[in-house]
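Listed below are the residues making up each chain.
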Amino acid sequence: LWLGNSLRYAVKALEKGQCQFQLQYQPIFCLQQRKLIGFEALLRWHHPQQGLISPEQFIPIAEETGLIVPLGQWVLERACQQLAIWFEEFWAPVSMSINVSSQQFLQPDFVSSIQSLLNGHQLPGELLKLEITESVLMETTHHVTDRLEQLQKLGLLLSLDDFGTGYSSLNYLHNLPINTLKIDRSFVWGIGQGQDQIVKTIIALAHGLEMNVVAEGIETVEQAQYLNLLGCELGQGFWFARPLEPDDAKKWLLTLK
Ligand code: G
Ligand code: G
Ligand code: MN
Ligand code: NA
């Protein structure tokens, strides 16, 4: 209960410009060239007494309480602001991937708020990737389809996060404008542990549907090499880089120069 109350307080405080939240940025790489292609924005909460609280703990509470709507909007704004700074400074097509909860995605003004963020920061939509989960796609589907298509018209790219861990129905996959499948880290960790066929099959499925693949949670060189061998285009994980503060993330941008 205390967690819910302090979360409410922390989200309220955002309006007053008091910020207990922070974004870290985890680099995403092209596996073949080991070249930076983008970042995933990851939310962190620094509780004044409890210290750092993991999103695994507070995101579910934010979702139950509806606080994920204003908090998710803050994440979008912050991430776009950071992306605009980097885009202006480096002029490189480095993308920003942002996790979006289903409740946030289903807000009536979601698409228009994305549009005004893009306009406000003069960002090409192509640089923004939204990571949604299978649970979003399970919602009353025609609204979701409309919304995905509107976002696609703005140029945004759409990724399906944690793929393989939710209630996948292969039915929607080929009907929806999803650009990327993210292979859940549990499968990546299963490489060499009896899950190789699953990983191969997910990659083949994605390619068959003309989607590209990001493998997450890559922790060893063997995993990176094997995924590259299978034709998985992109990857992220501690072996490449942890989620980073903006200044450290910027060091990766400098490698592109
Ligand atoms: O960064 P970390 O591995 O601790 O994240 C744990 C979980 O929290 C992941 O599943 C991630 O998708 C989720 N998460 C991190 N940041 C955000 C965010 O800004 N919004 C939402 N909805 N989920 C997030
Ligand atoms: O669910 P989502 O894919 O958004 O989760 C991203 C989370 O995974 C982030 O919180 C990040 O800290 C974590 N993460 C990223 N790379 C690795 C990794 O190589 N190993 C582990 N254990 N966690 C990782
Ligand atoms: Mn994610
Ligand atoms: Na994931």
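Because the structure is a prediction, the values reported are computed rather than measured.

Asker: Sorry if this is basic, but what is going on with the overall build of the chain here?
Answerer: Helix and strand counts for the chain stand at twelve helices and nine strands. Its C-alpha atoms give the chain a radius of gyration of 18 Å, near enough to 18 Å, the size a compact globule of 257 residues would have. Taking the principal axes of the C-alpha coordinates as reference, the chain spans close to 50 × 40 × 40 Å. Taking the intrachain contacts of the chain between residues at least 6 apart in sequence as the baseline, contacts between residues at least 24 apart amount to 67%.

Asker: When you look at the site of ligand 2 in this model, what are you seeing that I'm missing?
Answerer: Taken together, 13 residues surround ligand 2, and among them Gly217, Glu219, Gly237, Phe238 and Pro243 come closest. Here the shell around ligand 2 is composed, by residue class, of four nonpolar, five polar and four charged.

Asker: What's the story with the packing of helix 1 (residues 2–15) against helix 2 (residues 55–65) in this structure? I'm lost.
Answerer: The packing of two helices is summarised by the inter-axis angle and the distance between the axes. Here helix 1 crosses helix 2 at 75°, and the two axes come no closer than 10 Å. As summarised for this structure, helix 1 and helix 2 are arranged roughly perpendicular, according to the angle between their axes. Contacts between helix 1 and helix 2 involve Leu3, Gly4, Leu7 and Arg8 from the first element and Phe58, Ile61, Ala62 and Thr65 from the second. Broken down by class, the residue content of the contact of helix 1 with helix 2 amounts to five nonpolar, two polar and one charged.

Asker: How do you make sense of the site of ligand 1 when you look at a structure like this?
Answerer: Near ligand 1 the following residues occur: Leu42, Leu43, Ser54, Pro55, Glu56, Ile59, Gly72, Val75, Asn99, Ser101 and Pro243. Those elements that provide at least two residues to the shell around ligand 1 are strand 2 (35–47), helix 2 and helix 3 (68–90). Broken down by element, the residue count for the shell around ligand 1 peaks at three residues, all from helix 2. In terms of residue class, the shell around ligand 1 is made up of six nonpolar, four polar and one charged.

Criteria and cut-off values
- Residues numbered from 1 in each chain as written.
- Chains lettered and ligands numbered in written order.
- Predicted model: local features only at pLDDT ≥ 70, side-chain atom pairs only at ≥ 80, totals over all residues.
- Helix = DSSP H or I, 4+ residues; strand = E, 2+ residues; numbered from the N terminus.
- Rg over C-alpha atoms; globule rule 2.2 N^0.38 Å.
- Contact = placed C-beta atoms within 7 Å.
- Near = placed C-beta within 6 Å.
- Nonpolar A, V, L, I, M, F, W, Y, C, P; charged D, E, K, R; others polar.
- Axes fitted to C-alpha atoms, helices over the stretch in contact; angles between N-to-C directions.
- Parallel < 35°, antiparallel > 145°, perpendicular 65-115°, else oblique.

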